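Structural overview
So you can see what is in the structure, the chains are spelled out below.
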Amino acid sequence: MNGKQGIGMTSQRTRDRMVARLREQGIRDEVVLAAMNTIPRHIFVDEALSIRAYEDVSLPIGYGQTISQPYIVARMTEILRGGGGLGKVLEIGTGCGYQTAVLSQVAQEVYSVERISPLLMKARNHLRELRARNGKLKHADGNFGIPELAPYDGIIVTAGATHVPQELLAQMAIGGRMIIPVGAAEQTLTLIERGPEEYVQTRLEAVKFVPLLGGTS
Ligand code: SAH
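Report follows, based on the coordinates. (Residues numbered from 1 in each chain as written. Predicted model: local features only at pLDDT ≥ 70, side-chain atom pairs only at ≥ 80, totals over all residues. Heavy atoms only, no water.)

Details of the packing of aromatic side chains
Any aromatic ring pair is given by two values, namely how distant the centres are and how the planes are angled relative to each other. To keep things clear, this is the line we draw: Only Phe, Tyr and Trp rings are paired, with Trp represented by its six-membered ring, and only when their centres lie within 6.5 Å; those with planes under 30 degrees apart are stacked, over 60 edge-to-face, the remainder tilted. Numbering of helices and strands runs from the N terminus, with a helix taken as a DSSP run of H or I at least four residues long and a strand as a DSSP run of E at least two residues long. Per-residue accessibility, obtained with a 1.4 Å probe over protein chains only, is compared with the maximum for each type, and a residue is labelled buried under 20%, exposed over 50%, and partly exposed between these values. The criterion for a charge sitting over a ring is simple: Lys NZ or Arg CZ within 6 Å of the ring centre, and within 35 degrees of the ring normal.
Counted under the stated rule, the structure contains 1 aromatic pair. A centroid spacing of 5.5 Å and a plane angle of 75° characterise the contact between F44 and Y98, whose relative ring orientation is edge-to-face. On the criterion of sequence distance, the pair formed by F44 in the loop between helix 3 (30-38) and strand 1 (59-62) and Y98 in helix 5 (residues 98-106) is long-range, its members being 54 residues apart. Given the relative accessible area of 3%, F44 is considered buried. The class of Y98 is buried, set by a relative accessible area of 1%. One Lys or Arg, R41, reaches over the ring of Y98 and ends 4.8 Å from the middle of that ring.

Structural data, given as structure tokens:
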């Protein structure tokens with residue numbers, strides 16, 4: 001072993017292994033896999049946790065919140081893309097900004113809303129470090145979306161919602177897709193597609209997210 005491998009837990013090879021595991025877990029979208037292969041996930045967690053950044057687990061990011069496990073990030077992004085390109089995307093629950101960074105590589109414009117101010121500042125620094133300039137962040141209660149920038153081709157909610165916020169449904173473009181975990185302690189990943197006249201809801205797999213709360217802090 002040479003010296004370089006001593007710091008290898010955050011290296012490209014570690015990311016390659018993460019992506020190989022995502023494939024085994026059933027992720028098929030090459031655009032999503034390529035984005036996750038490029039983005040250094042370890043910069044999104046505290047240094048003490050960076051050696052665990054590529055494990056398939058969620059990790060604490062402070063303020064009682066977590067960074068979602070790689071499989072969930074990949075799966076939600078794959079569903080949101082639906083095999084096609086994405087124009088304007090709205091994310092609710094920026095957290096440390098990792099999902100935002102992935103989205104910034106697969107969509108033209110990304111707007112992400114976080115209710116906890118210090119987390120938003122951390123995320124802003126991470127995205128700046130990666131020069132993800134098409135990712136814009138806002139400190140607000142994401143239950144209301146960002147109406148002035150609507151409609152969105154994709155909306156992704158990365159916190160568990162007891163119900164689908166009406167304001168977010170209204171901000172979807174015709175032909176747009178929303179992916180949202182719906183439920184209380186445990187949730188069902190739910191895809192909502194907006195047609196010309198109706199919304200079509202498809203329930204997918206069981207997931208576990210921190211709750212979607214109201215207000216800001
Ligand atoms: N997307 C993140 C996941 C962060 S965890 C990732 O890449 O790992 C979920 C985040 O949603 C938390 O930071 C939490 O503060 C935030 N959140 C919860 N309710 C919210 C709301 N109403 N508006 C905006 N953010 C919210």
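Observations regarding unusual backbone geometry
Residue A150 is joined to P151 through a cis peptide bond whose omega torsion reads 5°. In this structure, Y63 takes a positive phi of about 60° despite not being glycine. Of the residues examined, Y63 reaches a relative accessible area of 48% and is grouped as partly exposed. The backbone phi angle of R131 is positive, close to 55°, even though this residue is not glycine. Inspection of the secondary structure puts R131 in the loop between helix 6 (117-129) and strand 5 (135-139).

Some thoughts on the packing of helix 4 (residues 70-81) against helix 5
Put simply, the test is: To get an axis, a line is fitted to the C-alpha atoms, and for a helix only the part in contact is used. The angle between two axes follows their N-to-C directions and goes from 0 to 180 degrees. Note: crossing handedness is left-handed where the near helix turns anticlockwise from the far helix by less than a right angle, and right-handed where it turns clockwise. We call two residues contacting when some pair of their heavy atoms lies within 4.5 Å. When residues are grouped by polarity, Ala, Val, Leu, Ile, Met, Phe, Trp, Tyr, Cys and Pro land in nonpolar, Asp, Glu, Lys and Arg in charged, and all others, Gly among them, in polar.
The N-to-C vectors of helix 4 and helix 5 enclose an angle of 35°; their axes lie 11 Å apart at closest approach. Both helix 4 and helix 5 take part in a crossing whose hand is right-handed. Contacts from V73, T77, L80 and R81 of helix 4 reach helix 5 at Y98, Q99, V102, L103 and V106. Looking at the contact of helix 4 with helix 5 residue by residue, the classes come out as 6 nonpolar, 2 polar and 1 charged.

Some thoughts on helix 4
The cut-off we apply is this: Working rule for helices: expected span equals 1.5 Å times residues minus one.
Over its 12 residues, helix 4 extends 17 Å from the first C-alpha to the last, a length consistent with the 16 Å expected when each residue adds 1.5 Å. By the criterion of burial, helix 4 is predominantly enclosed, with 12 of the 12 residues buried. Taken together, the buried positions of helix 4 are P70, Y71, I72, V73, A74, R75, M76, T77, E78, I79, L80 and R81.

Some points on the site of the ligand
The cut-off we apply is this: By convention in these notes, a residue is near a molecule or strand provided one of its non-hydrogen atoms lies within 4 Å of it. Here a polar contact means two N or O atoms within 3.5 Å. Within protein one must be a hydrogen donor candidate and the other an acceptor candidate, and residues neighboring in sequence count only if both atoms are side-chain atoms. In these tables, accessible area is a Shrake-Rupley quantity obtained with a 1.4 Å probe, and a residue counts as shielded only by the protein chains included in the view.
Around the ligand, a shell composed of 25 residues is seen, among which S68, E114, D141, G142 and L213 lie nearest. Between the ligand and E114 there is a distance of 2.6 Å, counted from an oxygen atom to a side-chain nitrogen or oxygen. Note that a nitrogen atom of the ligand is positioned 3.3 Å from one of the backbone N or O atoms of R115. Here the ligand loses 99% of its free accessible area of 580 Å² to cover by the protein chains. Mapped onto the shell around the ligand, the elements with two or more residues apiece are strand 2 (65-67), helix 5 and strand 4 (107-114). Counting residues per element, the shell around the ligand draws most heavily on strand 2, at 3 residues. For the shell around the ligand, the residue count by class is 11 nonpolar, 10 polar and 4 charged.

Here we look at helix 2 (residues 12-24)
Quick note on the threshold: The arc in question is the one traced by the directions running from the helix axis out to the C-beta atoms.
Its 13 residues give helix 2 an end-to-end C-alpha distance of 19 Å, which sits within 8% of 18 Å, the value for a rise of 1.5 Å per residue. Of all the residues in helix 2, the buried ones are T14, R15, M18, V19 and L22. In a view along the axis of helix 2, the buried residues occupy a sector of 140°, so they form one face of it. Exposed and facing more than 90 degrees away from the buried side of helix 2 are R13 and E24. Close packing links the buried residues of helix 2 with helix 3, helix 4 and helix 5. Of the residues trailing helix 2, G26 is marked for its positive phi of about 105°.

So, the environment of I72
Inspection of the secondary structure puts I72 in helix 4. Its relative accessible area of 10% is what places I72 among the buried residues. The contact partners of I72, leaving out residues within four places of it in the chain, are V207 and F209.

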